[in-house]
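What the coordinates show
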Amino acid sequence: MQSENLFNQLAGSLERGDKPALTEGARVTSYADLASMIDRFAGEILTKTESGAVVGIQAPSRSETLAALYACFRTGRTAVCVPARNGDFVIQDAGATLILTEPSDFSRADFSSETPPRDPAVIVYTSGSTGKRPKGVLVSHRGIGDAVQFMNRTMKVDDTISQVLVAPIDHLYAIGRCHAALRAGGTVHFAPGIGAIFDLLQQGANALAIVPSVLATLIKDHEAQLRAVGQGVRWAEVGSMRFDIEYRRRMLEIFPNARIFRQYGLSEAMRATFLNLREEPDKIHTEGRPRPGVKIEILDGDGQVLPAGQKGEIWVSGEALALGYTDDALWQARIRDGRYHTGDLGLLDEDGYLVFLGRSDDIVNVNGNLVHPAEVEADLAGLFAQPICVVGVADPRGVRDTVLVVCVEGATPVRKKDVAAHMAGAARHLVPEYLVSLQAFPRTATGKIRRPDLARDVTKLI
């Protein structure tokens, strides 16, 4: 269908003329300005590339990056944002034949507004948080468009949305949130830092799109400021990654008038579940149910589907799935009977809601007992006022093979004896042996903790 093209979905909004589409600091880009930038980028693309080419984007601003993305969609090219880190690898792996920087003065080429979607629409690279090279994920027009259509309908988004975005523009979460707000005819505000978030909300922004790590920091360190502007927030979506239940509850209080949504997804399976935190408080510990057209199953190590309530590995199938990886062999290794092996652990409750339990490669073997760090972290979350992360390291005393360490980001009055007392009823292998405070955790660009790096750093401190 022609309408699946992401640019075509935006075309109606581009007729809004002087209405602000994007802001970035003092810079305001109207819908007319955005349309002009898209046309100028499109002229360069059509002049310098052949049909089906992959186009790299290294624009100096997020506004120009977004315009370049839509120019690729408009011309039927595949877009890839080239990060500062691993940039050369991304260009080579994606096969980019043109790198866009600033909008040029190329005259508008002859192209139809009815350009059919040419997949993939975009290649999104994972963070490579395990220390391996990032994977190039091939994402379709329909994959993004259907997810955004479902989000906007479920969240009841309209053209009054004025959304503060706190996420890197080269990640699928941010691309989806931009498309959601612009498709509705609203405004996207790119926040360069925490201070800008408060300024934008004070100035009338009424929506927040944010990753869990940043939101947890805001609640932990700036809750009073957040409450002062929280009354005006009407929509909020918190991206994937672990997000403690205590922060979810406090978020409902801080933003009393907002429709607040949580989702589980990854680049390979965009927004697979959705949860309305305010309307389903009894499910606040979950990530919600699969959206229409998406199926989630929990499998054991032998590939057998597990019943409700049993823990296993999360497999996703259906319309949320990406088209594949740039490395097809790697993709095929993750696919079985049309299901994608996420590498995440979880369970489905009796109502079909997903409970996320962490990454399978985060599992720690403590003297023959398999421990999921996320479960220990969930148990300890109420004991600490700041982010924590549980990792396994070799026992420095040589008594055990591996011991658990509670890592705390920042100073804390909590001591090891407090942890032991809090977990007095837990099995011995679940109780951490050490507690270490660090000024900051090693993180990816989206705020995910780099557990292998953290474990390595902690080993030097105990």
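The paragraphs below set out a description of the structure included in this document. Remember, predicted model here, so these are calculated numbers, not experimental data.

Across its full length, the chain carries 13 helices and 25 strands. A globule of 462 residues ought to have a C-alpha radius of gyration of about 23 Å, and the chain, at 23 Å, matches this closely. The 462 residues of the chain split such that 57% are buried. In the chain, of all internal contacts separated by at least 6 residues, the share reaching a separation of at least 24 is 67%. Element-wise, carbon and sulfur atoms account for 48% of the exposed surface of the chain, whose accessible area totals about 19,000 Å².

Per the stated rule, a full pass over the model turns up 30 salt bridges. For Glu297, the salt bridge is made with Lys295, and the minimal N-O distance between the two is 3.7 Å. When salt bridges that share partners are traced, they join Glu223, Arg227, Arg250 and Glu253 into one network.

Moving on, we get to the environment of Pro212. Position of Pro212 relative to the elements: it lies in helix α8 (residues 212–230). Owing to a relative accessible area of 1%, Pro212 belongs among the buried residues under this scheme. Beyond its immediate chain neighbours, meaning those up to four positions away, Pro212 contacts Val238, Gly239, Ser240, Met241, Arg242, Phe243 and Arg262.

Let's shift gears to the sheet that holds strand β4 (residues 78–81). Read from one edge to the other, the open sheet built from 6 strands follows the order β5-β3-β4-β6-β7-β17, with strand pairing classed as mixed. The sheet is open, and its two edges are formed by β5 (96–100) and β17 (324–325), each paired on a single side. As defined by bridge partners, strand β3 (residues 54–57) adjoins β4 across 4 bridges and the pair is classed as parallel. Paired with Val55 across the strands is Ala79, a residue of β4.

The next point concerns the nonpolar core. Leu34, Ile38, Leu66, Leu69, Ile144 and Leu182 are the most contacted members of the largest nonpolar core, which has 81 residues in total. Counting 32 residues, the second-largest nonpolar core is a separate cluster that includes Val166, Ala205, Ile210 and Leu275.

Attention shifts here to helix α6 (residues 172–183). For α6, spanning 12 residues, the distance from its first C-alpha to its last is 16 Å, which sits close to the expected 16 Å at 1.5 Å a residue. Most of α6 sits inside the fold, with 11 of its 12 residues counted as buried. Along α6, the residues classified as buried are Leu172, Tyr173, Ala174, Ile175, Gly176, Arg177, Cys178, His179, Ala180, Ala181 and Leu182.

Basis of the calculations
- Residue positions are given per chain, counted from 1 along the sequence in the order it is written.
- It should be noted that, the model being predicted, local features are given only for residues of pLDDT at least 70 and side-chain atom pairs only at 80 or more, the latter also being counted only at that level, while totals for whole chains, interfaces and linings use all residues.
- Only hydrogens and water are set aside; all other atoms, that is, all heavy atoms of the structure, feed into the side-chain values.
- Starting at the N terminus, helices and strands are each numbered in turn, a helix being any DSSP run of H or I of at least four residues and a strand any DSSP run of E of at least two.
- Only C-alpha atoms enter the radius of gyration, while the globule expectation follows 2.2 Å times N to the 0.38, with N the number of residues.
- For every residue, the accessible area obtained with a 1.4 Å probe (protein chains only) is divided by the maximum for its type, and the residue is called buried under 20%, exposed over 50%, and partly exposed between those limits.
- We call two residues in contact when some of their heavy atoms are within 4.5 Å.
- Accessible surface area values rest on a Shrake-Rupley calculation with a 1.4 Å probe, where residue burial reflects the displayed protein chains alone.
- One speaks of a salt bridge when a side-chain nitrogen belonging to Lys or Arg is within 4 Å of a carboxyl oxygen belonging to Asp or Glu.
- Two strands make a pair as long as DSSP finds a minimum of two bridges between them.
- By convention a nonpolar core is built from buried Ala, Val, Leu, Ile, Met, Phe, Trp, Tyr and Cys residues, the set being connected through side-chain atoms within 4.5 Å.
- A helix is expected to span 1.5 Å for every residue after the first.

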